[in-house]
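Each chain, written out:
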Amino acid sequence: MSHVSMEKEQVIYQLVVPGPIEDVEELRVLEWHGDVNQEFLVDELIVELETHKAIVEVRAGQRGFLRQVLGEAGSWEKIGKPLALLSDASDEAIPASLDGVAPLLAAFEVM
């Protein structure tokens, strides 16, 4: 007799610098709106970024826990570069490599 596990597989996601944004190749990280291991719900503000002309708000498109910040406040990051790692659970192991790490569903708005 076999047993089937009904546990949901936990996943690590990467939050990347959003884009495309016309005439923008990189954005500066202004402020993180949470600490490591904080849970973000759908539509909660995760991080504010800025271009040379505008503020960009990045909001969670799915529930997740902020696990590791890769783009520190004040740093300029290229579009598509990972900014942070989030996970389904606060105790999910952080991978040694970002290869194969799925993108986090996120929404962004240029203000």
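Lay out the pairing of strand E5 (residues 55-60) in plain terms, naming residues and giving numbers.
In this structure, strand E4 (residues 45-50) lies alongside E5, joined through five bridges in antiparallel fashion. Paired with Glu50 across the two strands is Ile55, which belongs to E5. Hairpin connection from E4 to E5: four residues lie between these consecutive antiparallel strands. With five bridges joining them, E5 and strand E10 (residues 106-110) adopt antiparallel strand pairing. Following the sheet pairing, Ala60 is matched in E10 by Ala106.

Please give an account of the pattern of salt bridges that cites residues and values.
Inspection of every chain in the model, using the stated rule, returns four salt bridges. Here Arg63 and Glu39 are joined by a salt bridge, their closest N and O atoms 2.5 Å apart. Of this pair, Arg63 sits in the loop between E5 and strand E6 (64-69) while Glu39 sits in strand E3 (residues 39-40); the two residues are 24 residues apart in sequence, bridging distant segments of the chain. The partly exposed category is assigned to Arg63, whose relative accessible area is 38%.

Procedures and definitions
Residues numbered from 1 in each chain as written. Predicted model: local features only at pLDDT ≥ 70, side-chain atom pairs only at ≥ 80, totals over all residues. Heavy atoms only, no water. Pairing = 2+ DSSP bridges. Helix = DSSP H or I, 4+ residues; strand = E, 2+ residues; numbered from the N terminus. Salt bridge = Lys/Arg side-chain N within 4 Å of Asp/Glu carboxyl O. Buried < 20%, exposed > 50% of the residue type's maximum accessible area, 1.4 Å probe, protein only.

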